[in-house]
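Okay, here's what each chain looks like letter by letter:
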Amino acid sequence: MKEQTYMTNSQRKSMRKNLFIIGILCLLIVIVFMISMNTGFIRLSPLEVIQTLFGSGTEKQHLILFEFRLPRIIIAVLVGMGLAVSGCVLQGISQNALADPGILGINAGAGLAVMLFISFFPSTTAVPVFLLPILAFTGAGITAIIIYALSYKRNEGISPMRLILTGVAIAAGISSAMIVLTLRLSPDNYQFVATWLAGSIWGSNWKFVLSLLPWIVVLIPFIFSKARVLNVLNLGDLTATGLGASIEKERRVLLAAAVGLAGASVSISGGIGFVGLIGPHLARQLVGSRHQYVIPTAALTGGLLVLIADTIGRWILQPSEIPAGIVVAVIGAPYFLYLLTRIKD
Amino acid sequence: MSTPAEESAEIETLEEIKKHSHPLIAIVILFGGMTALLFAIGLSISLGAADIKLATVWTAVFNFNPEITSHQIIRDIRMPRVLGAAMVGSCFAVAGALMQGMTRNPLADSGLLGLNAGASFMLALCFAFFPGLPYMYLIMFSFLGAGLGVLIVYGVGSLSRGGLTPIRLVLAGAAVSALLGALSEGIALYFQIGQDLAFWYAGGVSGTKWINLQIMAPWIIVAMIGAVILSRSITLLSLGEEVAIGLGQKTKTIKLFGMIIVLVLAGTAVSVVGAVGFVGLIVPHLTRFLIGHDYRWIIPCSIVLGGLLVVLADLAARMINPPYETPIGALIALIGVPFFLYLARKGGKEL
Amino acid sequence: MTVLTIDHVAVGYANSLIVEDLSVSIPKGKITTIIGPNGCGKSTLLKAISRVLKTQSGAVYLDGRAIHQLQTKEVAKRMAILPQSANAPGGLTVFELVSYGRFPHQGGFGTLKKEDYEHINWAIFVTGLNEFKDRSVEALSGGQRQRVWIAMALAQGTEILILDEPTTYLDLAHQLEVLILLQRLNEEEGRTIVMVLHDLNHASRFSHNMISMKNGTLIKEGSPEEVMTCLNLQSVFNIDARMTTCPFSKNPICLSYQLNQKNE
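Residues numbered from 1 in each chain as written. Chains lettered and ligands numbered in written order. Predicted model: local features only at pLDDT ≥ 70, side-chain atom pairs only at ≥ 80, totals over all residues.

Moving on to the overall build of chain B. For chain B, the count of helices and strands is 14 helices and zero strands. For chain B, with 351 residues in total, the buried portion stands at 54%. Put simply, of all contacts in chain B between residues at least 6 apart along the chain, 77% involve residues at least 24 apart. (Helix = DSSP H or I, 4+ residues; strand = E, 2+ residues; numbered from the N terminus. Buried ≥ 20, exposed ≤ 12 C-beta atoms within 10 Å, placed from the backbone. Contact = placed C-beta atoms within 7 Å.)

In structure tokens, the structure reads:
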């Protein structure tokens, strides 16, 4: 390309490095994907997996891969992507390193909705699986809207600090409401809700994939197209205005997109909130702070992380499962702590 | 390094802080709060499943007669509980104030040090592997867990190149909390003890006995005095590391002591009532809102207001739906959330 | 020719007005400097001019059109702002930060075009940052960092530059370098420059037009000769100043001063 002749060597090098990192992450996802396809109660060799993928396996293999494992794997990757990118946006617009989808009350709202439903309709032992995501999404959305409305001031709009404080307060309120509800649940129902809250990919079903996919496919590219806006917002309100970003409008749009992504993800996976916190941090460690690179890298890291976590969670205590949210925190947190000791501020 | 211009600007803000703190209001709050606290304690002792007159409370305290049942109830059940509540509230509030001052982050509370997560992790382990452990041991293990959480967070901070900067502290705390939280969640799910844990936390301060108070009180009193002594340094630290160093503060030592005090205070409180950390978040905010930014006033006022808040919450917890107890954390949130929302709207950048 | 008109502007924060009913106009193609004591509303006025703060009454007009009704991106193509204290997010290189200055000129995904590269490289060159191009902004000294922010404003390629204390954090030589650079941009390319300076002598030496403010009101506006008078400095800063003439620019400068005894 002609434009690139204007780049200095080291710029070209850093661009190549970033693209290389993105490539490696894609490769890792493919590798873990293969491993994950192999993992489960019934072992399948890599060859069998490939054969089945291309349509020449036995009927049983076909059933296991296409009806159980494949949708679950795809959901894991999508959920990770959604949460990480959502976290990216939230950290970008709030300029707070601790921001994650949790600060918008998304996890809490979704959890409360699920818990309320189960508290008041405990008789339904086989909870209608398709109702839960809808409930969770509604809960997440309503909470986000309440938080937004409460932190909006007519003349000043939304200040990131006020948004965070409001979010924390509402989330704390919801959590204590959930404690009260917890005490009323029967042990069986409690176990179900607790597993859900801990974040598990239990909806291994193509219908869930289809309900999540549009959000990811539409919103992540949209947020990616706003990468430059996020860059500029990161410089502070004053500079961003000077550069001609309509901060209030951009913030609102980006917030809505982040809520959509996180809400859709959480509704299917429960609370895997930690991905939203560390995904963007890991990405920035890898590729710097320009969102053109941070967003795709965060998406891939998030997807990879949840995929690995879900695979481990399925494998380690066979035949019972550990919720992916727990595994994510157990493998993600130590690595994150290690990173913290390495980096300068 | 900050330039002279910056420093002078920040010293100017120090002057600002002095100008904007309101010692008079602080004194009023201190004494008014103390009176209110005493009254609330009395009220809390007299109200309950068996109603006892305030006068009886008075005689039970100052003129104890073991023959009278109501005196026994007061002495053996209600008094330790109420004192426990006051103590827990003060502990959380002071620990929160110290954390917010040290990290310069208005969202900080003792939970950030990994305290809450550490305590509940240990508790989960106890419930899973040693069911039926006596109350006193549970408290001790919780405290150990809280210490473990702090140790990891602090260790990560001191292992890293730039030292324990506020942002690193905050991030490390979040990560450690997530880790320990996930582990206890996993344990709770696997051993199916989640609801038992919830019941334990919902119990609040109801299990407090004189013996617990006797063991904890000396530590807490020492830590509180330490907090008051540190308060001036915390004010300077809240202006930023460089300014504090420039004004001759040994910031590392202050942070270490601050952290130890937070551990003692919040560790004890968490092991007694579980994570009602919201007290630690809102009370310092409320105090700052009322009396300004001077930690020499914030800390004593936090002691009083924190105690008051939890005593009232505990009273409400017993009164709402007797003989059942409403979880105290839920009540504190019920009072705290609207208030905190109001603060967030009003100020937004209070620190 | 007037390029910016401030028309009966009142502006401030949530419940306090900092500037009340101020009217002044900024001439096109000139250097205008605002002086005044701390807290007199200089920065607030700059923020109103640069549409960061909404005016509570009155309006700011850019070429006769109210600035709040214009598309913010269109304004950004004509007017660049250097705020007083700016923070760069971690991990950005000098080139990357300066390239953010091209934001208003980019569309879509914003790959840098030939023209963008030219602006960015020119801005880096004139601010003397060539050798730091690929360094991380955090690793620079305060003065170098200040120049990076100036370079970003320059890369924006606007005819109007608004700078809030562009010489803070800089040593004597670098202060002068920045001001001379601004002077050159003004002389050679006819750019309009509006800035706040604390150094009165620099203000006098480099400006065509000076605005002195106190307590949110305009005290005196005019050429350095008109504004830099003992009487005016006394009423603005409450100082007793001895004036002389700059040997280089022949503008009035303040030789030394003491606090005004009478009002103290």
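All names here are of chain C. With respect to topology, four strands assemble into an open sheet ordered S2-S1-S4-S5, the strand pairing being antiparallel. Single-partner strands in this sheet number two, and they are strand S2 (16-27) and strand S5 (65-66). The sheet contact formed by strand S1 (residues 2-13) and strand S4 (residues 57-62) spans five bridges and is antiparallel. Each bridged residue has a counterpart across the sheet, and for Ala10 the counterpart in S4 is Ser57. (Pairing = 2+ DSSP bridges.)

Here the focus is the interface of chain C and chain A. Chain C puts 33 residues into the contact, and the matching count from chain A is 24 residues. Every element with two or more residues in the side of chain C that touches chain A is listed here: helix H2 (72-78), strand S6 (79-82), helix H3 (94-99) and helix H4 (114-126) of chain C. In terms of residues, the side of chain C that touches chain A owes the most to one element, H2 of chain C, which gives five residues. Broken down by class, the residue content of the side of chain C that touches chain A amounts to 16 nonpolar, nine polar and eight charged. (Nonpolar A, V, L, I, M, F, W, Y, C, P; charged D, E, K, R; others polar.)

With that settled, the discussion passes to the interface of chain B and chain A. Facing 43 residues of chain B, the contacting portion of chain A comprises 42 residues. The set of elements that each furnish at least two residues to the side of chain B that touches chain A consists of helix H6 (135-159), helix H7 (166-191), helix H8 (194-202) and helix H14 (328-346) of chain B. A per-element tally of the side of chain B that touches chain A places H7 of chain B first, with 17 residues. Each residue belonging to the side of chain B that touches chain A can be placed in one class, and the counts come to 28 nonpolar, 10 polar and five charged.

A separate point is the nonpolar core. Of all hydrophobic cores here, the largest spans 313 residues; its most connected members are Val85 and Val306 of chain A, Val94 and Val311 of chain B together with Val98 of chain C. Top contributing element to this core by residue count: helix H3 (residues 59-94) of chain A, with 18 residues. Not counting chain neighbours up to four residues away, the residues in contact with Val98 of chain C comprise Ile120, Ala123, Ile124, Val148, Ala151, Met152 and Ala155 of chain C. (Core = buried A, V, L, I, M, F, W, Y, C linked by C-beta atoms within 7 Å.)

With that out of the way, let us pick up the sheet that holds strand S8 (residues 192-196) of chain C. Residues and elements named next belong to chain C. Overall, mixed pairing links the six strands, which are arranged S6-S7-S8-S3-S9-S10 in an open sheet. Of all the strands in the sheet, the pair left with one neighbour each is S6 and strand S10 (217-222). When strand polarity is set aside, the average angle formed by the axes of neighbouring strands in this sheet is 15°. Relative to strand S7 (residues 160-164), S6 runs parallel, the two being bridged by four bridges. (Axes fitted to C-alpha atoms, helices over the stretch in contact; angles between N-to-C directions.)

So, to be careful, I would describe these as geometric facts and stop short of saying anything about function.
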